[in-house]
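Single-letter residue listing:
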Amino acid sequence: MRRAVEIAGVALGQTSPNPAVGCVILGADGTVAGEGFHPGAGQPHAEVEALAAAGERARGGTALVTLEPCAHTGRTGPCAEALLRAGLARALYAVPDPNPTAAGGARRLREAGVEVIGGVLRAEAETGNELWLTAVRRGRPCVTWKFGATLDGRTAAPDGTSRWITGPEARQDAHALRAAHDAVLVGSGTLRADDPHLGLRHGVSGRPPLRVVLDRDGAIAPDARVLDDSAPTLVVTGPHTPKPALGDRHEVLRVPLTDGTLDVGVLLDELWARDVRSVLLEGGARLAASFVERGLLDRVVAYLAPLLLGADARPVLDDFGAATLTAGLRLRMGGVTRLGDDVRLLLRTGDLPGDGEEDAP
């Protein structure tokens, strides 16, 4: 199963709106007969790929898959039926499928006489597929806020300079994080101050995420780097803002205003309809505060540098109404990693999706 978890991550960031799934098939003698992963929506699922590699050696063998085999026909057929046709004797899965449309594969296999065991290495599999699981369970894209800051929580010096607070190892890791998400989101302040590109660099490859820019007043410059041809960009404006001039690859989305700001809840609904299951917030302080205030933040990835700038420097987060200590947002520690001279913190606003739940019968 640990190998299945490992190969599931090969296509992380490439499979939405589907999950990243890995599968290993053992022959009747217990040796590896085949393995596979789901490369993307509309393409064969991990079980089908692994069965094709195993061939006749799958008969009487065991399937180990990171997510409960699906029981429905979508763009591809049900994986539970594929396992039955191959003559598998046992099926082990890590995480029950939270999608009610696709769930039920474990029950179908049991009813057909296959021995089924759920919850195998569940925690590891959930961590690897956290973005998709969070999105499906909450019915909206999983939102991760990423920032690089000094030890005293500052993202730029008093003169506005911010390059580079963190070192090259942290910057490369941040681009890998970007590649794992379906969309990357910035506000108009970051757009004006930094003219970000929001593509993949530092040796990171993969499908570039959808670039989303909040631009309430439609003031984006025609030559903004985010409007180049390397990836599509969605420019989000107010309901009555004049339409900005964009290239053919880019689109304007109008969302309502709430208290004078673009409604990020409506934005997440619109992104969900576009098959976006994970969003990475990359700036700025006001944008992050709006997600915290609305209770729409799921994870934080903080890159902290051993640097102090003081009170006059730009803070990492604007006010979101926490007037008392108890009103603050208390986060749960997910992991600490040293990257060169910097430290990467993974934090969550709640438990991993599915924590404390029973496996599907």
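Residues numbered from 1 in each chain as written. Predicted model: local features only at pLDDT ≥ 70, side-chain atom pairs only at ≥ 80, totals over all residues. Heavy atoms only, no water.

So, on to the overall build of the protein. A count of helical and extended segments in the protein gives 10 helices and 18 strands. Its C-alpha atoms give the protein a radius of gyration of 22 Å, near enough to 21 Å, the size a compact globule of 361 residues would have. By principal-axis analysis of the C-alpha atoms, the protein measures approximately 70 × 45 × 40 Å. For the protein, the proportion of its 361 residues judged to be buried stands at 50%. Across the protein, the fraction of contacts at a sequence separation of at least 24, relative to all contacts at a separation of at least 6, is 68%. (Helix = DSSP H or I, 4+ residues; strand = E, 2+ residues; numbered from the N terminus. Rg over C-alpha atoms; globule rule 2.2 N^0.38 Å. Buried < 20%, exposed > 50% of the residue type's maximum accessible area, 1.4 Å probe, protein only. Contact = heavy atoms within 4.5 Å.)

Moving on to helix H6 (residues 130-138). Within H6, seven of the nine residues are buried, which leaves it mostly tucked inside the rest of the structure. Within H6, the full set of buried residues consists of Glu130, Leu131, Trp132, Leu133, Thr134, Ala135 and Val136. Looking one or two residues beyond H6, the residue adopting positive phi is Gly139, at roughly 70°.

Mapped onto the secondary structure, Arg277 falls in the loop between helix H9 (264-273) and strand E14 (278-283). Not counting chain neighbours up to four residues away, the residues in contact with Arg277 comprise Ser16, Pro17, Leu131, Trp132, Ala135, Pro141, Cys142, Asp182 and Trp272.

Here we come to the environment of His38. In this structure, His38 sits in the loop between strand E2 (32-37) and helix H2 (46-54). Exposure remark for His38: the relative accessible area of 3% places this residue in the buried category. When the C-alpha atoms of His38 and Val120 are compared, they prove to be 19 Å apart, with 82 residues separating the residues in sequence. Setting aside anything within four residues of it in sequence, one finds His38 in contact with Ala11, Thr15, Asn18, Pro19, Val21, Gln43, Pro44, His45 and Ala46. Within the structure, the side chain of His38 is placed 3.1 Å from the backbone oxygen of Pro44, a separation counted as a polar contact. (Polar contact = N/O pair within 3.5 Å; in protein donor to acceptor, adjacent residues only side chain to side chain.)

A word on the pattern of salt bridges. Scanning the model with the defined rule gives 22 salt bridges in all. Arg122 serves as the salt-bridge partner of Glu126, at 2.9 Å between the closest nitrogen and oxygen. Taken together, the residues span about one helical turn, with Glu126 and Arg122 both in helix H5 (residues 122-128) at a distance of four residues. With relative accessibility at 2%, the residue Glu126 sits in the buried group. Classification of Arg122 by relative accessible area gives buried; the value is 12%. Linking Asp173 and Arg344 is a salt bridge whose minimum nitrogen-to-oxygen distance equals 2.8 Å. Here Asp173 is found in helix H7 (residues 168-179), whereas its partner Arg344 is found in strand E18 (residues 342-348), with 171 residues between them in sequence. In this structure Asp173 comes out as partly exposed when scored by relative accessible area, which is 23%. (Salt bridge = Lys/Arg side-chain N within 4 Å of Asp/Glu carboxyl O.)

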